[in-house]
Amino acid sequence: MAADLTYYTIDDLRLGQRRSDGPGWRLSEFGLRSDAFRHYRSLDVEKVKVLGVTNGIQALDLVRCIPVFSEDKTGEDVLVTDYEYLPLWCKNHVVEQLAKECIEAFRIRYGLHKFSLFPLRQKGGKQAAQKKFRLINVAGSNSPIRWIYVSGVGWLSPSEFKKRYFPPRNGGFNCPLVMKYRVDAVNRTGHILLLEIAPRDFERMAGED
């Protein structure tokens, strides 16, 4: 499978797709991962650059350079975690390993999914780690999430979060940094509790239900 994948970079997504009659972003293709990594590093950190892979039919962005905080003038490399949710890519162990290598090679701290950032490495709550709880949907909602904590903003309800950040503004490249959720869960004795958990722990718990 590794031989079927090639790599690409995009110099600046903000320019829009290049057309024959005008400017736009430039895509470069590479057969070797090392060449793609090297070229990605050479691109300007003040631009929304991309590193990705393709199987010749579908393309998958893996790393994107975007400002993590609104006051940042330069971007930071973040891992695009869409591969975890796409049927074609989620079971591809080569892509999974490549994502891990990107995290190490570019010292990535944050993940990006659905226009929201989240810490990749957080100490999981003991409650979630012990798997003594099961997530349950909030009454009148199809989600267990009651509150969302956004860095620099504080706790927001899901409706307020959506109102503030969706659809994405500024071309979709300034994303909220979500640090934790408050979620409804039930323990083994049937008691309903409100838990604070990291986004990655939430995804793991939600996947186990």
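Higher on the page you've got the structure.
Anyway, here's the lowdown on the structure attached to this text. (Residues numbered from 1 in each chain as written. Predicted model: local features only at pLDDT ≥ 70, side-chain atom pairs only at ≥ 80, totals over all residues. Heavy atoms only, no water.)

1. Description of the packing of aromatic side chains
Given two aromatic rings, their pairing is described by the distance between the two centres and the angle made by the two planes.
In step 1: Under the criterion given, the structure shown has six aromatic pairs.
In step 2: Where Phe 37 meets Phe 106, the ring centres are 5.1 Å apart and the plane angle is 50°; that geometry is what we call tilted. Within this pair, whereas Phe 37 is found in helix α1 (residues 33–42), its partner Phe 106 is found in the loop between α2 (93–105) and β6 (110–113), the two being separated by 69 residues in sequence. Take Phe 37 and Phe 106: they sit in the same class, and that class is buried.
In step 3: Ring geometry for Tyr 149 and Trp 155: centres 5.2 Å apart, planes at 75°, overall edge-to-face.
In step 4: Under the relative-accessibility criterion, Trp 155 is labelled partly exposed at 25%.
In step 5: Through pairs of rings, three or more aromatic residues link up here, namely Phe 37, Tyr 40 and Phe 106.
In step 6: Between the NZ or CZ atom of Arg 33 and the centre of the ring of Phe 37, over which it lies, the distance is 5.9 Å.
In step 7: In this structure, Lys 49 is placed above the aromatic ring of Tyr 40, and the distance from its NZ or CZ to the ring centre is 4.4 Å. (Phe/Tyr/Trp six-rings, centres within 6.5 Å; stacked < 30°, edge-to-face > 60°. Helix = DSSP H or I, 4+ residues; strand = E, 2+ residues; numbered from the N terminus. Buried < 20%, exposed > 50% of the residue type's maximum accessible area, 1.4 Å probe, protein only. Lys NZ or Arg CZ within 6 Å of the ring centre and 35° of its normal.)

2. Brief notes about the environment of Ser 143
In step 1: Position of Ser 143 among the secondary structure elements: in the loop between β8 (133–135) and β9 (145–150).
In step 2: When the C-alpha atoms of Ser 143 and Gly 16 are compared, they prove to be 34 Å apart, with 127 residues separating the residues in sequence.
In step 3: Setting aside residues up to four positions removed in sequence, Ser 143 forms contacts with Asn 137 and Val 138.
In step 4: Of note is the side chain of Ser 143, whose polar atom sits 3.1 Å from the backbone nitrogen of Ile 145. (Contact = heavy atoms within 4.5 Å. Polar contact = N/O pair within 3.5 Å; in protein donor to acceptor, adjacent residues only side chain to side chain.)

3. Considering the pattern of salt bridges
In step 1: Taken as a whole and assessed by the stated rule, the structure comprises 12 salt bridges.
In step 2: When the shortest N-O distance is used, the salt bridge between Glu 104 and Arg 121 registers 3.0 Å. Highlighted residues: Glu 104 in helix α2 and Arg 121 in the loop between β7 (116–119) and α3 (126–129), separated in sequence by 17 residues.
In step 3: With a relative accessible area of 55%, Glu 104 lands in the exposed category.
In step 4: One salt bridge connects Arg 182 with Glu 196, and the closest N-O pair in it is separated by 2.9 Å. Residue Arg 182 is found in strand β11 (residues 178–187), and its partner Glu 196 is found in strand β12 (residues 192–197); the two are separated by 14 residues along the sequence.
In step 5: What emerges from the salt-bridge pattern is a single network uniting Lys 180, Arg 182 and Glu 196. (Salt bridge = Lys/Arg side-chain N within 4 Å of Asp/Glu carboxyl O.)

4. A closer look at the pairing of strand β5 (residues 76–80)
Put simply, side chains in a regular strand alternate between the two faces of the sheet.
In step 1: The buried fraction of β5 is high, at five of five residues.
In step 2: The alternating pattern of β5 places Glu 76, Val 78 and Val 80 on one face and Asp 77 and Leu 79 on the opposite face, and all of these are buried.
In step 3: With four bridges connecting them, strand β4 (residues 59–66) and β5 associate as antiparallel partners. If you follow Val 63 over to β5, its bridge partner there is Leu 79.
In step 4: Between the parallel elements β5 and β6, the chain passes through α2 in a crossover that is right-handed. (Pairing = 2+ DSSP bridges. Right-handed = clockwise from strand over helix to strand, strands pointing away.)

5. Section: unusual backbone geometry
In step 1: The omega torsion across Phe 166 and Pro 167 is 0°, close enough to zero to call that bond cis.
In step 2: In this structure, Pro 167 sits in the loop between α4 (158–165) and β11.
In step 3: Here the phi dihedral of Arg 107 falls at roughly 50°; this positive angle occurs in a residue that is not glycine.
In step 4: Counting through the fold element by element, Arg 107 comes out in the loop between α2 and β6.
In step 5: Not every positive phi belongs to a glycine, and Lys 114 is a case in point at roughly 55°.
In step 6: Here Lys 114 lies in the loop between β6 and β7.

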